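Each chain, letter by letter, is given below.
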Amino acid sequence: MQDIKQFIETNRQRFLDELFGLIRIPSISSEEKHKPDMVKAADYWAQLLLKAGADKVELMPTTGNPIVYGEKIINPGLPVVLVYGHYDVMPVDPVDLWNSQPFEPEIRDGKIFARGADDDKGQSFIHAKAFEYLAQNNTLPCNVKFMIEGEEEIGSAALAAWCVEKKEMLSADVILVSDTMMVGPDTPSITCGLRGIAYLEVEVTGASRDLHSGIFGGAVANPINILAQMIASLHDAKGRVTVKGFYDDVTALSEAGRAELNKAPFDLNKYRQSLDINELCGEDGYTTLERTGIRPTLDVCGIWGGYTGEGAKTVIPSKAYAKISMRLVANQDHEKIARLFTEHFLSIAPDCVKVKVTNLHGGQAYVSPTDSTAFRAAAKALETVFGKRPIPVYSGGSIPIIATFERVLGIKSILMGFGLDSDAIHSPNENFPLSSLFNGIETVVHFYENFARMMKG
Ligand code: BES
Ligand code: MN
Ligand code: MN
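Starting afresh in each chain, residues are numbered from 1 along the sequence in its written order. Written order determines the labels here, with chains lettered from A and ligands numbered from 1. Residues qualify for local features only when their pLDDT is at least 70, as the model is predicted, and side-chain atom pairs are given and counted only at 80 or more; totals for whole chains, interfaces and linings, by contrast, use all residues. For side-chain calculations, the full set of non-hydrogen atoms in the structure is used, while hydrogens and water are omitted.

Observations concerning the site of ligand 1
And then number 1: Around ligand 1, the structure places 17 residues, and the nearest of them are E152, D179, R327, S398 and H426.
And then number 2: Between an oxygen atom of ligand 1 and a side-chain N or O atom of E152, the distance comes to 2.7 Å.
And then number 3: In isolation ligand 1 has 520 Å² of accessible area, and contact with the protein removes 91% of it.
And then number 4: A per-class count over the shell around ligand 1 returns five nonpolar, seven polar and five charged. Here, proximity means that at least one heavy atom of the residue falls within 4 Å of the molecule or strand. The definition of a polar contact used here is a pair of N or O atoms within 3.5 Å, where within protein one atom must be able to donate a hydrogen and the other to accept one, and adjacent residues in sequence count solely through side-chain atom pairs. Note on areas: these come from Shrake-Rupley sampling with a 1.4 Å probe, and a residue is covered only by the protein chains present in the view. In this classification, Asp, Glu, Lys and Arg are treated as charged, Ala, Val, Leu, Ile, Met, Phe, Trp, Tyr, Cys and Pro as nonpolar, and every other residue, Gly included, as polar.

Pasting the structure below:
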(Lines give C-alpha, C1' and ligand atoms only; values in the text may rest on other atoms or scores of the structure.)
(Ligands and ions follow the chains in the order given, each with its own letter.)
Protein backbone atom coordinates (compact mmCIF):
# COMPACT_ATOMS: atom_id res chain seq x y z
CA MET A 1 0.00 0.00 0.00
CA GLN A 2 1.22 3.48 -0.86
CA ASP A 3 1.54 5.89 2.02
CA ILE A 4 -0.31 9.18 1.70
CA LYS A 5 2.75 11.11 0.47
CA GLN A 6 3.30 8.59 -2.34
CA PHE A 7 -0.40 8.57 -3.15
CA ILE A 8 -0.37 12.34 -3.59
CA GLU A 9 2.81 12.19 -5.67
CA THR A 10 1.39 9.51 -8.01
CA ASN A 11 -1.98 11.18 -8.42
CA ARG A 12 -0.89 14.80 -8.40
CA GLN A 13 -1.89 15.61 -11.97
CA ARG A 14 -5.24 13.83 -11.73
CA PHE A 15 -6.06 15.71 -8.52
CA LEU A 16 -5.33 19.02 -10.23
CA ASP A 17 -7.39 18.07 -13.28
CA GLU A 18 -10.33 17.16 -11.06
CA LEU A 19 -10.09 20.31 -8.95
CA PHE A 20 -9.77 22.45 -12.08
CA GLY A 21 -12.94 20.85 -13.43
CA LEU A 22 -14.78 21.97 -10.32
CA ILE A 23 -13.27 25.46 -10.42
CA ARG A 24 -14.25 25.92 -14.09
CA ILE A 25 -17.94 25.83 -13.11
CA PRO A 26 -18.80 29.47 -12.29
CA SER A 27 -20.99 28.70 -9.28
CA ILE A 28 -21.61 32.23 -8.03
CA SER A 29 -24.52 31.87 -5.61
CA SER A 30 -25.46 35.55 -5.51
CA GLU A 31 -26.11 35.84 -9.25
CA GLU A 32 -29.37 34.48 -10.59
CA LYS A 33 -27.95 33.74 -14.03
CA HIS A 34 -25.63 31.13 -12.50
CA LYS A 35 -28.49 28.95 -11.20
CA PRO A 36 -27.66 26.16 -13.69
CA ASP A 37 -24.01 26.29 -12.63
CA MET A 38 -25.01 25.64 -9.04
CA VAL A 39 -26.55 22.33 -10.07
CA LYS A 40 -23.51 21.54 -12.23
CA ALA A 41 -21.15 22.13 -9.32
CA ALA A 42 -23.30 20.02 -7.00
CA ASP A 43 -23.35 17.22 -9.60
CA TYR A 44 -19.60 17.44 -9.97
CA TRP A 45 -19.21 17.01 -6.20
CA ALA A 46 -21.54 14.02 -6.23
CA GLN A 47 -19.34 12.38 -8.87
CA LEU A 48 -16.19 13.16 -6.88
CA LEU A 49 -17.62 11.46 -3.82
CA LEU A 50 -18.91 8.44 -5.71
CA LYS A 51 -15.59 7.89 -7.45
CA ALA A 52 -13.77 8.36 -4.15
CA GLY A 53 -15.73 5.48 -2.65
CA ALA A 54 -18.85 6.81 -0.93
CA ASP A 55 -21.61 4.17 -0.62
CA LYS A 56 -24.37 6.62 -1.04
CA VAL A 57 -24.43 10.06 -2.61
CA GLU A 58 -27.47 12.23 -3.12
CA LEU A 59 -28.18 15.66 -4.51
CA MET A 60 -30.72 16.93 -2.08
CA PRO A 61 -33.06 19.60 -3.38
CA THR A 62 -33.79 22.54 -1.09
CA THR A 63 -35.65 25.82 -1.42
CA GLY A 64 -32.34 27.14 -2.72
CA ASN A 65 -29.34 25.38 -4.25
CA PRO A 66 -28.97 21.61 -3.86
CA ILE A 67 -26.97 20.14 -1.00
CA VAL A 68 -24.63 17.28 -1.80
CA TYR A 69 -24.88 14.56 0.80
CA GLY A 70 -22.60 11.51 0.77
CA GLU A 71 -21.58 8.89 3.25
CA LYS A 72 -19.54 5.81 3.85
CA ILE A 73 -20.61 3.92 6.93
CA ILE A 74 -18.09 1.16 7.54
CA ASN A 75 -19.22 0.16 11.00
CA PRO A 76 -22.03 1.77 12.98
CA GLY A 77 -19.99 1.24 16.16
CA LEU A 78 -17.21 3.56 14.99
CA PRO A 79 -17.12 7.35 15.37
CA VAL A 80 -18.67 9.50 12.67
CA VAL A 81 -16.98 12.53 11.10
CA LEU A 82 -19.24 14.90 9.19
CA VAL A 83 -17.38 17.01 6.64
CA TYR A 84 -18.83 20.39 5.71
CA GLY A 85 -17.81 22.58 2.78
CA HIS A 86 -19.34 24.89 0.16
CA TYR A 87 -19.26 24.76 -3.62
CA ASP A 88 -20.56 28.28 -4.15
CA VAL A 89 -18.16 31.16 -4.72
CA MET A 90 -18.17 34.94 -4.58
CA PRO A 91 -18.64 37.16 -7.66
CA VAL A 92 -15.47 38.00 -9.63
CA ASP A 93 -15.76 41.76 -10.05
CA PRO A 94 -13.74 43.89 -10.61
CA VAL A 95 -12.82 41.46 -13.37
CA ASP A 96 -10.20 43.66 -15.09
CA LEU A 97 -7.98 43.44 -12.03
CA TRP A 98 -7.50 39.69 -12.57
CA ASN A 99 -4.24 38.61 -14.20
CA SER A 100 -5.93 35.52 -15.65
CA GLN A 101 -9.51 34.44 -16.25
CA PRO A 102 -11.25 33.87 -12.88
CA PHE A 103 -12.79 30.57 -13.97
CA GLU A 104 -9.84 29.29 -15.96
CA PRO A 105 -7.44 28.07 -13.26
CA GLU A 106 -3.78 28.74 -13.91
CA ILE A 107 -0.73 27.68 -11.91
CA ARG A 108 1.82 30.45 -11.34
CA ASP A 109 4.54 30.50 -8.66
CA GLY A 110 3.27 27.24 -7.20
CA LYS A 111 -0.24 28.62 -6.67
CA ILE A 112 -3.55 27.95 -8.34
CA PHE A 113 -5.14 31.24 -9.43
CA ALA A 114 -8.93 31.23 -9.83
CA ARG A 115 -12.14 32.19 -8.06
CA GLY A 116 -12.80 29.43 -5.54
CA ALA A 117 -9.20 28.14 -5.67
CA ASP A 118 -9.17 28.52 -1.88
CA ASP A 119 -12.69 29.54 -0.79
CA ASP A 120 -13.93 26.89 -0.72
CA LYS A 121 -13.39 24.64 -3.70
CA GLY A 122 -9.67 24.07 -3.10
CA GLN A 123 -10.11 23.63 0.64
CA SER A 124 -13.10 21.31 0.48
CA PHE A 125 -11.48 19.27 -2.31
CA ILE A 126 -8.81 18.32 0.24
CA HIS A 127 -11.48 16.28 2.01
CA ALA A 128 -12.59 14.46 -1.12
CA LYS A 129 -9.02 13.28 -1.73
CA ALA A 130 -8.16 12.36 1.87
CA PHE A 131 -11.35 10.31 1.93
CA GLU A 132 -10.52 8.73 -1.43
CA TYR A 133 -7.12 7.61 -0.18
CA LEU A 134 -8.53 5.91 2.91
CA ALA A 135 -11.58 4.46 1.15
CA GLN A 136 -9.56 3.04 -1.76
CA ASN A 137 -7.11 1.38 0.61
CA ASN A 138 -9.84 0.08 2.90
CA THR A 139 -8.19 1.86 5.77
CA LEU A 140 -10.93 4.31 6.65
CA PRO A 141 -10.81 4.20 10.46
CA CYS A 142 -14.23 5.79 11.06
CA ASN A 143 -17.50 6.56 9.34
CA VAL A 144 -17.62 9.62 7.15
CA LYS A 145 -20.48 11.83 6.02
CA PHE A 146 -20.22 14.75 3.63
CA MET A 147 -22.49 17.76 3.37
CA ILE A 148 -21.45 20.27 0.73
CA GLU A 149 -23.73 23.25 0.25
CA GLY A 150 -24.14 25.94 -2.39
CA GLU A 151 -25.27 28.96 -0.38
CA GLU A 152 -22.57 29.70 2.18
CA GLU A 153 -21.66 33.01 0.59
CA ILE A 154 -25.28 34.17 0.76
CA GLY A 155 -26.10 33.07 4.29
CA SER A 156 -26.84 29.29 4.17
CA ALA A 157 -30.60 29.78 4.60
CA ALA A 158 -31.57 26.50 2.92
CA LEU A 159 -28.98 24.47 4.80
CA ALA A 160 -30.17 25.73 8.18
CA ALA A 161 -33.73 24.56 7.47
CA TRP A 162 -32.46 21.30 5.95
CA CYS A 163 -30.44 20.49 9.11
CA VAL A 164 -33.58 20.67 11.22
CA GLU A 165 -35.23 18.18 8.88
CA LYS A 166 -32.27 15.81 8.52
CA LYS A 167 -31.02 15.89 12.06
CA GLU A 168 -30.94 12.12 12.40
CA MET A 169 -29.19 11.49 9.10
CA LEU A 170 -26.54 14.04 10.07
CA SER A 171 -25.73 12.57 13.48
CA ALA A 172 -21.97 12.65 14.01
CA ASP A 173 -19.28 13.00 16.66
CA VAL A 174 -17.70 16.02 15.08
CA ILE A 175 -18.02 18.32 12.07
CA LEU A 176 -14.79 18.89 10.19
CA VAL A 177 -14.42 22.06 8.14
CA SER A 178 -11.63 23.49 6.00
CA ASP A 179 -12.78 27.01 5.16
CA THR A 180 -10.51 29.18 7.33
CA MET A 181 -6.87 30.27 7.44
CA MET A 182 -3.50 29.29 8.81
CA VAL A 183 -1.27 31.84 10.54
CA GLY A 184 1.40 31.37 7.84
CA PRO A 185 2.51 28.83 5.23
CA ASP A 186 4.65 26.98 7.79
CA THR A 187 2.61 27.78 10.86
CA PRO A 188 -0.53 25.73 11.17
CA SER A 189 -3.43 26.91 13.27
CA ILE A 190 -6.87 25.83 14.32
CA THR A 191 -9.55 28.47 14.34
CA CYS A 192 -11.29 28.52 17.70
CA GLY A 193 -13.44 31.58 17.11
CA LEU A 194 -15.50 32.87 14.19
CA ARG A 195 -17.38 36.15 14.25
CA GLY A 196 -21.09 36.37 13.70
CA ILE A 197 -22.63 38.78 11.25
CA ALA A 198 -25.65 41.03 10.75
CA TYR A 199 -26.05 42.37 7.24
CA LEU A 200 -28.53 45.09 6.33
CA GLU A 201 -29.33 47.42 3.49
CA VAL A 202 -30.52 51.00 3.96
CA GLU A 203 -32.43 53.19 1.56
CA VAL A 204 -32.71 56.94 2.04
CA THR A 205 -35.29 58.81 -0.03
CA GLY A 206 -35.54 62.56 -0.52
CA ALA A 207 -37.89 63.93 -3.17
CA SER A 208 -39.97 61.46 -5.15
CA ARG A 209 -37.89 62.06 -8.29
CA ASP A 210 -34.40 63.18 -9.28
CA LEU A 211 -34.25 66.98 -9.37
CA HIS A 212 -32.24 69.66 -11.15
CA SER A 213 -29.51 70.50 -8.64
CA GLY A 214 -29.52 74.16 -9.61
CA ILE A 215 -33.23 74.80 -9.46
CA PHE A 216 -33.74 72.84 -6.24
CA GLY A 217 -30.25 72.70 -4.71
CA GLY A 218 -30.16 74.24 -1.25
CA ALA A 219 -33.86 73.76 -0.55
CA VAL A 220 -34.38 70.03 -0.79
CA ALA A 221 -32.65 67.24 1.13
CA ASN A 222 -29.99 65.39 -0.81
CA PRO A 223 -30.29 61.77 0.36
CA ILE A 224 -26.64 61.07 -0.47
CA ASN A 225 -25.44 63.96 1.70
CA ILE A 226 -27.75 62.83 4.49
CA LEU A 227 -26.76 59.17 4.21
CA ALA A 228 -23.07 60.13 4.36
CA GLN A 229 -23.70 62.10 7.58
CA MET A 230 -25.70 59.27 9.11
CA ILE A 231 -23.01 56.73 8.28
CA ALA A 232 -20.25 58.98 9.60
CA SER A 233 -22.05 59.19 12.93
CA LEU A 234 -22.04 55.40 13.37
CA HIS A 235 -18.50 55.52 14.85
CA ASP A 236 -17.18 57.84 17.55
CA ALA A 237 -13.70 59.35 17.77
CA LYS A 238 -12.43 56.26 19.58
CA GLY A 239 -13.53 53.97 16.76
CA ARG A 240 -16.43 52.56 18.75
CA VAL A 241 -19.77 51.83 17.16
CA THR A 242 -22.41 54.30 18.34
CA VAL A 243 -25.48 52.10 17.77
CA LYS A 244 -27.28 52.13 21.11
CA GLY A 245 -26.82 48.86 22.99
CA PHE A 246 -24.32 47.51 20.43
CA TYR A 247 -21.79 46.34 23.03
CA ASP A 248 -24.28 45.34 25.75
CA ASP A 249 -23.99 41.57 25.33
CA VAL A 250 -20.32 41.30 24.39
CA THR A 251 -18.55 38.97 26.78
CA ALA A 252 -15.13 40.45 27.33
CA LEU A 253 -12.20 38.07 27.19
CA SER A 254 -10.28 37.86 30.48
CA GLU A 255 -6.88 39.57 30.67
CA ALA A 256 -5.30 36.12 30.59
CA GLY A 257 -7.35 35.21 27.51
CA ARG A 258 -6.28 38.43 25.80
CA ALA A 259 -2.64 37.78 26.61
CA GLU A 260 -2.96 34.27 25.19
CA LEU A 261 -4.62 35.54 22.02
CA ASN A 262 -1.89 38.10 21.49
CA LYS A 263 0.77 35.41 21.61
CA ALA A 264 -0.18 34.33 18.09
CA PRO A 265 2.59 35.34 15.69
CA PHE A 266 1.76 38.66 14.11
CA ASP A 267 4.00 41.23 12.45
CA LEU A 268 2.38 44.65 12.31
CA ASN A 269 4.83 46.01 9.74
CA LYS A 270 4.41 43.09 7.40
CA TYR A 271 0.67 43.35 7.81
CA ARG A 272 0.68 47.01 6.86
CA GLN A 273 3.04 46.45 3.97
CA SER A 274 1.02 43.57 2.58
CA LEU A 275 -2.01 45.88 2.47
CA ASP A 276 -0.18 49.01 1.27
CA ILE A 277 -1.35 51.12 4.19
CA ASN A 278 0.64 53.51 6.37
CA GLU A 279 -1.42 53.34 9.52
CA LEU A 280 -3.94 50.91 10.87
CA CYS A 281 -7.25 52.15 12.10
CA GLY A 282 -9.71 50.67 14.57
CA GLU A 283 -11.18 50.68 18.05
CA ASP A 284 -8.94 52.35 20.66
CA GLY A 285 -7.42 50.13 23.30
CA TYR A 286 -7.28 46.91 21.32
CA THR A 287 -4.56 45.20 19.27
CA THR A 288 -5.08 44.27 15.64
CA LEU A 289 -5.61 40.62 16.56
CA GLU A 290 -8.22 41.67 19.11
CA ARG A 291 -9.91 44.09 16.74
CA THR A 292 -10.47 41.35 14.18
CA GLY A 293 -10.85 38.41 16.54
CA ILE A 294 -12.86 39.36 19.60
CA ARG A 295 -14.34 42.80 18.96
CA PRO A 296 -17.51 43.55 17.03
CA THR A 297 -17.37 46.00 14.12
CA LEU A 298 -19.55 47.93 11.70
CA ASP A 299 -18.60 48.50 8.06
CA VAL A 300 -20.24 49.90 4.97
CA CYS A 301 -19.75 47.29 2.25
CA GLY A 302 -21.20 49.34 -0.57
CA ILE A 303 -22.79 52.71 -1.17
CA TRP A 304 -24.55 54.03 -4.23
CA GLY A 305 -27.02 56.49 -5.64
CA GLY A 306 -27.22 59.46 -7.96
CA TYR A 307 -25.30 59.91 -11.16
CA THR A 308 -22.18 57.79 -11.65
CA GLY A 309 -22.02 57.72 -15.45
CA GLU A 310 -19.69 59.51 -17.82
CA GLY A 311 -19.02 63.21 -17.41
CA ALA A 312 -21.17 65.43 -15.23
CA LYS A 313 -24.88 65.52 -14.62
CA THR A 314 -26.29 68.13 -12.27
CA VAL A 315 -28.84 66.30 -10.20
CA ILE A 316 -30.15 65.88 -6.70
CA PRO A 317 -30.89 62.20 -6.56
CA SER A 318 -34.10 60.92 -5.13
CA LYS A 319 -32.45 57.95 -3.42
CA ALA A 320 -29.23 56.81 -1.77
CA TYR A 321 -28.37 53.30 -0.60
CA ALA A 322 -25.79 51.49 1.47
CA LYS A 323 -25.06 47.92 2.47
CA ILE A 324 -23.88 47.62 6.03
CA SER A 325 -22.36 44.61 7.76
CA MET A 326 -21.66 44.21 11.44
CA ARG A 327 -19.28 41.49 12.59
CA LEU A 328 -20.35 40.13 15.94
CA VAL A 329 -18.64 38.23 18.71
CA ALA A 330 -19.59 35.56 21.22
CA ASN A 331 -22.90 36.14 23.00
CA GLN A 332 -24.14 38.90 20.67
CA ASP A 333 -27.37 37.90 18.95
CA HIS A 334 -27.52 38.86 15.28
CA GLU A 335 -31.28 39.38 15.32
CA LYS A 336 -31.08 41.68 18.31
CA ILE A 337 -28.21 43.61 16.73
CA ALA A 338 -30.15 43.99 13.47
CA ARG A 339 -33.07 45.34 15.49
CA LEU A 340 -30.86 47.75 17.48
CA PHE A 341 -29.27 48.97 14.28
CA THR A 342 -32.63 49.52 12.61
CA GLU A 343 -34.00 51.45 15.59
CA HIS A 344 -30.86 53.52 15.86
CA PHE A 345 -30.65 54.28 12.16
CA LEU A 346 -34.28 55.37 11.98
CA SER A 347 -33.82 57.49 15.11
CA ILE A 348 -30.95 59.49 13.60
CA ALA A 349 -32.75 60.15 10.30
CA PRO A 350 -33.72 63.82 9.88
CA ASP A 351 -37.34 64.57 8.98
CA CYS A 352 -36.36 65.75 5.50
CA VAL A 353 -35.81 62.15 4.29
CA LYS A 354 -37.55 58.79 4.52
CA VAL A 355 -35.43 55.84 5.60
CA LYS A 356 -36.03 52.15 5.00
CA VAL A 357 -33.86 49.41 6.53
CA THR A 358 -33.92 45.84 5.25
CA ASN A 359 -32.32 42.90 7.02
CA LEU A 360 -30.48 40.75 4.44
CA HIS A 361 -28.96 37.96 6.52
CA GLY A 362 -27.21 37.15 9.73
CA GLY A 363 -25.55 34.49 11.81
CA GLN A 364 -24.14 33.93 15.27
CA ALA A 365 -20.50 33.83 16.29
CA TYR A 366 -18.87 30.51 17.15
CA VAL A 367 -16.36 29.54 19.80
CA SER A 368 -14.76 26.13 19.68
CA PRO A 369 -13.42 24.24 22.69
CA THR A 370 -9.69 23.60 22.59
CA ASP A 371 -9.72 20.56 24.83
CA SER A 372 -11.94 18.17 22.87
CA THR A 373 -10.81 14.85 21.40
CA ALA A 374 -11.35 16.22 17.90
CA PHE A 375 -9.25 19.29 18.66
CA ARG A 376 -6.42 17.10 19.92
CA ALA A 377 -6.71 14.84 16.88
CA ALA A 378 -6.52 17.87 14.58
CA ALA A 379 -3.63 19.43 16.50
CA LYS A 380 -1.63 16.22 16.32
CA ALA A 381 -2.35 15.78 12.61
CA LEU A 382 -1.15 19.32 11.87
CA GLU A 383 1.93 18.80 14.00
CA THR A 384 2.77 15.60 12.12
CA VAL A 385 2.59 17.29 8.73
CA PHE A 386 3.96 20.78 9.51
CA GLY A 387 6.38 19.81 12.26
CA LYS A 388 4.94 22.47 14.56
CA ARG A 389 2.11 22.55 17.03
CA PRO A 390 -0.82 24.52 15.65
CA ILE A 391 -1.77 27.84 17.21
CA PRO A 392 -5.39 28.40 18.25
CA VAL A 393 -6.62 31.60 16.59
CA TYR A 394 -9.68 33.81 16.60
CA SER A 395 -10.68 34.62 13.05
CA GLY A 396 -12.49 37.74 11.98
CA GLY A 397 -14.47 35.93 9.28
CA SER A 398 -17.86 34.29 9.60
CA ILE A 399 -19.33 30.93 8.70
CA PRO A 400 -22.78 31.42 10.20
CA ILE A 401 -23.88 27.84 9.68
CA ILE A 402 -21.27 26.60 12.19
CA ALA A 403 -23.20 28.06 15.13
CA THR A 404 -26.41 26.67 13.62
CA PHE A 405 -24.85 23.19 13.50
CA GLU A 406 -24.17 23.46 17.21
CA ARG A 407 -27.65 24.71 18.03
CA VAL A 408 -29.65 22.42 15.74
CA LEU A 409 -27.52 19.29 15.51
CA GLY A 410 -25.76 19.63 18.86
CA ILE A 411 -22.40 18.98 17.18
CA LYS A 412 -19.23 21.04 17.59
CA SER A 413 -17.07 21.86 14.59
CA ILE A 414 -13.32 21.73 14.13
CA LEU A 415 -12.14 24.54 11.89
CA MET A 416 -8.97 23.16 10.38
CA GLY A 417 -8.35 25.54 7.50
CA PHE A 418 -5.41 25.62 5.11
CA GLY A 419 -5.88 29.06 3.56
CA LEU A 420 -3.41 31.93 3.82
CA ASP A 421 -4.01 35.67 4.17
CA SER A 422 -2.30 36.07 0.80
CA ASP A 423 -4.86 33.80 -0.92
CA ALA A 424 -6.97 36.89 -1.66
CA ILE A 425 -10.32 35.19 -1.10
CA HIS A 426 -13.28 37.26 -2.36
CA SER A 427 -10.73 39.47 -4.20
CA PRO A 428 -9.27 39.53 -7.70
CA ASN A 429 -6.53 36.93 -8.21
CA GLU A 430 -7.73 34.55 -5.54
CA ASN A 431 -5.20 31.76 -5.23
CA PHE A 432 -4.33 28.64 -3.30
CA PRO A 433 -0.78 27.32 -2.94
CA LEU A 434 -0.27 23.75 -4.14
CA SER A 435 1.56 23.15 -0.86
CA SER A 436 -1.63 24.02 1.08
CA LEU A 437 -3.62 21.61 -1.06
CA PHE A 438 -1.24 18.68 -0.66
CA ASN A 439 -0.36 19.33 3.00
CA GLY A 440 -4.07 19.58 3.64
CA ILE A 441 -4.82 16.17 2.16
CA GLU A 442 -2.06 14.61 4.24
CA THR A 443 -3.27 16.32 7.41
CA VAL A 444 -6.87 15.20 7.00
CA VAL A 445 -5.76 11.57 6.58
CA HIS A 446 -3.87 11.85 9.89
CA PHE A 447 -6.88 13.51 11.48
CA TYR A 448 -9.11 10.51 10.75
CA GLU A 449 -6.52 8.09 12.09
CA ASN A 450 -5.90 10.14 15.25
CA PHE A 451 -9.57 10.79 15.87
CA ALA A 452 -10.59 7.12 15.54
CA ARG A 453 -7.76 6.03 17.83
CA MET A 454 -8.37 8.74 20.45
CA MET A 455 -12.11 8.07 20.51
CA LYS A 456 -11.43 4.45 21.40
CA GLY A 457 -10.08 5.79 24.66
N1 BES B 1 -14.56 30.95 4.20
C2 BES B 1 -15.14 32.21 4.50
C3 BES B 1 -15.07 32.58 5.96
C4 BES B 1 -13.70 32.74 6.55
C5 BES B 1 -12.62 33.14 5.82
C6 BES B 1 -13.56 32.48 7.89
C7 BES B 1 -11.39 33.26 6.40
C8 BES B 1 -12.33 32.62 8.48
C9 BES B 1 -11.24 33.00 7.73
C10 BES B 1 -16.61 32.18 4.07
O11 BES B 1 -16.77 31.61 2.80
C12 BES B 1 -17.12 33.58 3.99
O13 BES B 1 -16.66 34.31 3.16
N14 BES B 1 -18.08 33.92 4.82
C15 BES B 1 -18.74 35.17 4.75
C16 BES B 1 -20.01 35.10 5.52
C17 BES B 1 -21.26 35.20 4.79
C18 BES B 1 -22.49 35.23 5.62
C19 BES B 1 -21.34 35.97 3.57
C20 BES B 1 -17.92 36.25 5.36
O21 BES B 1 -17.20 36.03 6.35
O22 BES B 1 -17.99 37.36 4.84
MN1 MN C 1 -15.74 29.87 2.60
MN1 MN D 1 -16.23 33.19 1.32
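Right, picking up where we left off after that structure.
Section: the sheet that holds strand 14 (residues 354-363)
And then number 1: Here we have four strands laid out as an open sheet, ordered 11-13-9-14, and antiparallel in their pairing. A strand with exactly one partner marks an edge of an open sheet, and here the two such strands are strand 11 (297-305) and strand 14. The sheet shows a mean angle of 20 degrees between the axes of neighbouring strands, taken without regard to direction.
And then number 2: Each pair of strands is called paired provided DSSP finds at least two bridges between the two strands. Secondary structure follows DSSP: runs of H or I at least 4 residues long count as helices, runs of E at least 2 residues long count as strands, and numbering of each begins at the N terminus. Examined bridge by bridge, strand 9 (residues 196-205) and strand 14 share nine bridges and lie antiparallel to one another. Looking at strand 14, one finds that Y199 is bridged to H361. Note on geometry: axes are lines fitted to C-alpha atoms, helical ones only across the stretch in contact, with angles between N-to-C directions running from 0 to 180 degrees.

Things to note about the packing of aromatic side chains
And then number 1: To pair, rings of Phe, Tyr and Trp, with the six-membered ring standing in for Trp, must have centres within 6.5 Å; the planes then decide the type, stacked if under 30 degrees apart, edge-to-face if over 60, and tilted in the middle. Summed over the entire model, instances satisfying the criterion amount to 11 aromatic pairs.
And then number 2: Ring geometry for W45 against F146: centres 6.4 Å apart, planes inclined by 40 degrees, an arrangement best described as tilted. Linking W45 in helix 2 (residues 35-52) with F146 in strand 6 (residues 143-149), this pair joins segments that are 101 residues apart in sequence. Accessibility classification places W45 together with F146 in one group, the buried group.
And then number 3: An aromatic cluster is present here, built from F7, F15 and Y133 joined pairwise through their rings.
And then number 4: Put simply, a charge is over a ring when the Lys NZ or the Arg CZ is close to the ring centre, within 6 Å, and near the line of the ring normal, within 35 degrees. The positively charged end of R108 is found above the aromatic ring belonging to F113, 4.1 Å away from the centroid.
And then number 5: If you follow R240 out to its NZ or CZ, it ends over the ring of Y247, 4.2 Å from the centre. Whether a residue is buried, partly exposed or exposed follows from its accessible area with a 1.4 Å probe, protein chains only, as a fraction of its type maximum: under 20%, in between, or over 50%, in that order.

Topic: the domain arrangement of the protein
And then number 1: For every domain, the bounds stem from an assignment made automatically or drawn from a database. Once the domains are mapped, the protein shows domain 1 (4-194 + 365-456) and domain 2 (196-250 + 296-363).
And then number 2: Each of domain 1 and domain 2 has a C-alpha centre, and these two points are 35 Å apart.
And then number 3: Residue-level contacts link nine residues of domain 1 with nine residues of domain 2.
And then number 4: Once two parts are joined, some of their accessible surface, as seen by a 1.4 Å probe, is lost; buried area is that loss totalled over both. A buried area of about 560 Å², summed over both sides, lies between domain 1 and domain 2, and 59% of it is on carbon and sulfur atoms.
And then number 5: If you sort the residues of domain 1 by the area they bury against domain 2, A365, S398 and P400 come out on top, with a joint share of 64%.
And then number 6: A pairing counts as a salt bridge when a side-chain nitrogen of Lys or Arg comes within 4 Å of a carboxyl oxygen of Asp or Glu. Run the count over domain 1 and domain 2 and you get zero salt bridges.
And then number 7: Taken together, domain 1 and domain 2 are joined by two residue pairs in polar contact (both at pLDDT 80 or more). Should any heavy atoms of two residues lie within 4.5 Å, those residues are considered in contact.

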